[in-house]
Structure formats: C-alpha cells, structure tokens
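The lines below spell out each chain.
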Amino acid sequence: MNNLEKLTFVFILFTFCIFFGCKEKKVIIEETPPISEQTIEKFTVTQTREGKLKMILEAESATINEENQIANLKLPIIKFYTNGEYVSTLVAEKAKINMETYDIEGFGECTIDTAYNEQLQTTDLMYNASEELIYSTQDVKITKPGQKIYGTSFQSDTKLDDIVIKNQRTEIDQV
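The structure presented is a predicted model; accordingly, all values stated were derived computationally and were not measured.

### Some details on the environment of A92
Consideration 1: Assignment of secondary structure puts A92 in strand β5 (residues 85–98).
Consideration 2: Spatially, the C-alpha atom of A92 lies 8.9 Å from that of I112, the residues being 20 residues apart in sequence.

What follows is the structure, given as structure tokens:
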C-alpha cells in the first residue's frame, strides 16, 4: 500500500467511525398530563339530607382539583343546620373540602359561632360530614355567657351541645 492508499483508507475509516460512531441521542421528553383544575370566585356548596339543609359553604374563591375532587378554599364560611334549622357558623382562613364526602379541613384560625351565643376558637379544625363531628387536636377556647372554657383539644357536634374537651379548665366571669 502506498501513502495515498493508506491516507484514503484512514480517511474512509475516519468518516465511517464518525458517521456510525456518533449516533444521535434521542431525548425523550415525557409529557405530564395537565392537572385538571379550575378556579371559581364566590364559590358555594349546599348540602341537604332528605330535603333539609345540612350545610351551606361559601368561600371567596376555590381552586378545584377535578382528579381527586378536592377544593382548596380561601376565606370559607360554613353554616351548619340540624334538621333544617340553623345551629352554627364556622369561619376559617383557608380550608379544603372533599367534594364527594363533604369532609372539611380548616387551616389557620378557625371560629365557630353558635345560634345560642357561644363561640369556639381553635386552629386547624376538621369536620367529618358523615358523623357530623367537628374536632381539633389544637388548643381550644369556648366562650359562653358567663364563662370561658379552655382545653388542649376537642370533639363536638355542630351545635356544640355534645362536646368533649381534653385538659379542660373553666373560668367563671364575676358580675
């Protein structure tokens, strides 16, 4: 082999190596399915049982994740009813509601005012719709005419009639 043949052979070998050795890598980009969400201003949910009001929820806005049926609420106000009669109102900074079960989880400062001039204050409150129970593991303060009740957690019906408070301490107002 002369030099020209060697040079041609090296050039062909080099071109062959470049052409077949440097395969183009395919970058696979997996598309994530879009999250099915919608935001609603002045959001309202009404729950009834046997034609009687059970709950009316109003919020400044709600972001609804349609996939898991959870609505994240801003400044919700929830009015509770027993046998169609108004019994109490829950106000929270933020909350989320399961749109299938109507279970609610309130975040931040939560206040319940009853139709009987009682007020409950706590943080991070839960409402179990099927059992109609409100509860929290956080500190609680209940103000009734003439007294204040403090505790470390509570569980109650929406009327605050059947209430259980842990580590309860009561202060009676002096007249």
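### Observations regarding the environment of F107
Consideration 1: Looking at the secondary structure, you find F107 in strand β6 (residues 104–114).
Consideration 2: The class for F107 is partly exposed, based on a relative accessible area of 28%.
Consideration 3: On a C-alpha basis, the gap between F107 and T123 in space is 6.5 Å, while along the polypeptide they are 16 residues apart.
Consideration 4: Sequence-distant contacts of F107, that is, excluding residues within four places in its chain, are made with A92, E93, K94, A95, K96 and D124.

### Overview of the nonpolar core
Consideration 1: Among the nonpolar cores identified, the biggest contains 30 residues, and F43, L57, L73, F80, I104, L120 and L125 are the most heavily contacted of them.
Consideration 2: Secondary-structure elements contributing two or more residues to this core are β1 (37–49), β2 (52–65), β3 (70–74), β4 (77–82), β5, β6 and β10 (140–144).
Consideration 3: Beyond its immediate chain neighbours, meaning those up to four positions away, F80 contacts K54, M55, E85, Y86, V87, S88, L90, Y127, I134 and T158.

### What about the pattern of salt bridges?
When the charged atoms of two side chains lie near each other, side chains of opposite charge can form a pair.
Consideration 1: Per the stated rule, a full pass over the model turns up eight salt bridges.
Consideration 2: When the shortest N-O distance is used, the salt bridge between E132 and R49 registers 3.0 Å. On the criterion of sequence distance, the pair formed by E132 in the loop between β8 (126–128) and β9 (133–136) and R49 in strand β1 is long-range, its members being 83 residues apart.
Consideration 3: Under the relative-accessibility criterion, E132 is labelled partly exposed at 22%.
Consideration 4: For K96, the salt bridge identified is with E105, shortest N-O distance 3.8 Å.
Consideration 5: Classification of E105 by relative accessible area gives partly exposed; the value is 24%.
Consideration 6: Here the residues in one salt-bridge network are R49, K54 and E132, joined through shared partners.

### Concerning the packing of aromatic side chains
Consideration 1: Summed over the entire model, instances satisfying the criterion amount to two aromatic pairs.
Consideration 2: Ring geometry for F80 and Y127: centres 4.7 Å apart, planes at 50°, overall tilted. One end of the pair, F80, is in strand β4; the other, Y127, is in strand β8, and 47 residues separate them in sequence.
Consideration 3: For Y127, a relative accessible area of 2% translates into the label buried.
Consideration 4: Where Y81 meets Y86, the ring centres are 6.0 Å apart and the plane angle is 70°; that geometry is what we call edge-to-face.
Consideration 5: Residue class for Y81 comes out buried when judged on its relative accessible area of 12%.

### Let's talk about the environment of L53
Consideration 1: Mapped onto the fold, L53 is located in strand β2.
Consideration 2: Once the C-alpha coordinates of L53 and K79 are considered, the two residues, 26 residues apart in sequence, prove to be 9.7 Å apart.
Consideration 3: Contacts of L53, omitting those with residues within four sequence positions, involve T46, Q47, T48, Y81 and G84.

### Here's the deal with the layout of surface pockets
Consideration 1: A volume near 170 Å³ is recorded for the largest pocket.
Consideration 2: In terms of lining residues, the largest pocket is bounded by R49, E50, K52, L53, K54, Y81, T82, N83, G84 and E132.
Consideration 3: Counting residues per element, the ones that place at least two in the lining of the largest pocket are β2 and β4.
Consideration 4: Looking at which element gives the most residues to the lining of the largest pocket, the answer is β2, with three residues.
Consideration 5: Across the lining of the largest pocket, the residue classes tally to two nonpolar, three polar and five charged.

Cut-offs applied
Residues numbered from 1 in each chain as written. Predicted model: local features only at pLDDT ≥ 70, side-chain atom pairs only at ≥ 80, totals over all residues. Heavy atoms only, no water. Helix = DSSP H or I, 4+ residues; strand = E, 2+ residues; numbered from the N terminus. Buried < 20%, exposed > 50% of the residue type's maximum accessible area, 1.4 Å probe, protein only. Contact = heavy atoms within 4.5 Å. Core = buried A, V, L, I, M, F, W, Y, C linked by side-chain atoms within 4.5 Å. Salt bridge = Lys/Arg side-chain N within 4 Å of Asp/Glu carboxyl O. Phe/Tyr/Trp six-rings, centres within 6.5 Å; stacked < 30°, edge-to-face > 60°. 1 Å grid on protein atoms, 1.4 Å probe; cavity = no way out; pocket = protein on both sides within 12 Å on 5 of 7 lines; lining within 4 Å. Points joined across faces, edges and corners; volume = space filled by probe spheres on them. Nonpolar A, V, L, I, M, F, W, Y, C, P; charged D, E, K, R; others polar.

Geometric descriptors of this kind do not, in isolation, establish any biological role.
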